[in-house]
Amino acid sequence: MNVDRKSGPLHAYLAGSGTDGRNRTVEDILALPDEALERIHDYIQWLFPLPTRSMAQPNAPVLSEEEIAAIRADEQALANLRRGAARMRRFYEATDDWLTWSDHNHLRITRIIQSLKLLAGDAEARAFHDAVMARHEAAGSPVDPHNLGYWTRALSG
């Protein structure tokens, strides 16, 4: 993992000057095809970090208060976070496997909304939520309402 003078590994990664635990840059992840985004499970904690430990990837780094402040103040880190959200929106618009009662992507969606709200603000989180909900509704609303509740609570949390 390459870390520069940024406030920590997640900040460096989102700013484009660091790598994740497998030596991948944010650019590497954003360039992945949809099949790889579905198959690989350890990038989401880096692209959409939170201040809580991931149950799916317990070795992934956790945001510190210092990193939260640094990312919020870093236009490049925020731009890459927004690019990550746009890439994941395209993924969810182009794929159907997640449009089922229960799927690991539902946890990812919750994380993305929480991370966007925390780091980029309410409008970014709302835009992602609304895009995912529109796709869900267009598919006949197949997702468990309990899971939808997590997405809604992520917006208000």
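This text follows the structure it describes.
None of these values were measured; they are calculated from a predicted model. (Residues numbered from 1 in each chain as written. Predicted model: local features only at pLDDT ≥ 70, side-chain atom pairs only at ≥ 80, totals over all residues. Heavy atoms only, no water.)

A. Here's a closer look at the pattern of salt bridges. Evaluation of the coordinates by the stated rule reveals 10 salt bridges. Linking Glu27 and Arg83 is a salt bridge whose minimum nitrogen-to-oxygen distance equals 2.7 Å. One end of the pair, Glu27, is in helix α2 (residues 26–30); the other, Arg83, is in helix α6 (residues 75–94), with 56 residues separating them in the sequence. For Arg83, a relative accessible area of 36% puts it in the partly exposed group. Between Glu35 and Arg39 there is a salt bridge, with its nearest N and O atoms 2.9 Å apart. Placement of the pair is Glu35 and Arg39 together in helix α3 (residues 34–39), with a separation of 4 residues, close to one helical turn. Each of the salt bridges in this network shares a partner with another, and the network as a whole consists of Asp20, Arg22, Arg24 and Asp42. (Salt bridge = Lys/Arg side-chain N within 4 Å of Asp/Glu carboxyl O. Helix = DSSP H or I, 4+ residues; strand = E, 2+ residues; numbered from the N terminus. Buried < 20%, exposed > 50% of the residue type's maximum accessible area, 1.4 Å probe, protein only.)

B. View of unusual backbone geometry. For Asn23, which is not a glycine, the phi torsion comes out positive at approximately 65°. Along the chain, the position of Asn23 falls in the loop between α1 (9–15) and α2. Asn23 gets classed as exposed once you look at its relative accessible area, which sits at 52%. A positive phi angle, near 55°, is found at Ser141, a position not held by glycine. Note that Ser141 resides in the loop between α8 (122–138) and α9 (145–156).

C. Structural view of α9. Between its terminal C-alpha atoms α9 stretches 17 Å, which fits the 16 Å expected from 12 residues at 1.5 Å a residue. Where α9 is concerned, the buried positions are Asn147, Leu148, Gly149, Trp151, Ala154 and Leu155. Residues of α9 that are buried make contact with α7 (104–119) and α8. Between the side-chain oxygen of the N-cap and the backbone nitrogen of His146 there are 2.9 Å, and the N-cap of α9 in question is Asp144. (Expected span 1.5 Å × (residues − 1). Contact = heavy atoms within 4.5 Å. Polar contact = N/O pair within 3.5 Å; in protein donor to acceptor, adjacent residues only side chain to side chain.)

D. Spotlight on the packing of aromatic side chains. With the rule as written, the count across this model stands at 4 aromatic pairs. Relative to Tyr92, the ring of Phe91 lies with its centre 4.9 Å away and its plane at 70°, an arrangement referred to as edge-to-face. Accessibility expressed as a relative area gives 1% for Phe91, which makes it buried. Plain terms: the ring middles of Tyr92 and Trp98 are 5.2 Å apart, the flat faces sit at 70° to each other, and that makes the pair edge-to-face. Both residues of the pair, Tyr92 and Trp98, count as buried. (Phe/Tyr/Trp six-rings, centres within 6.5 Å; stacked < 30°, edge-to-face > 60°.)

E. Expanded view of the nonpolar core. If you look at the biggest cluster of nonpolar residues, it comprises 42 residues, and the most contacted ones within it are Phe48, Met88, Tyr92, Phe128 and Trp151. Per-element accounting of this core gives the leading share, 7 residues, to α6. Excluding residues that lie within four positions of it along the chain, Tyr92 makes contacts with Trp98, Asn105, Arg108, Ile109, Ile112, Phe128, Val132 and Arg135. (Core = buried A, V, L, I, M, F, W, Y, C linked by side-chain atoms within 4.5 Å.)

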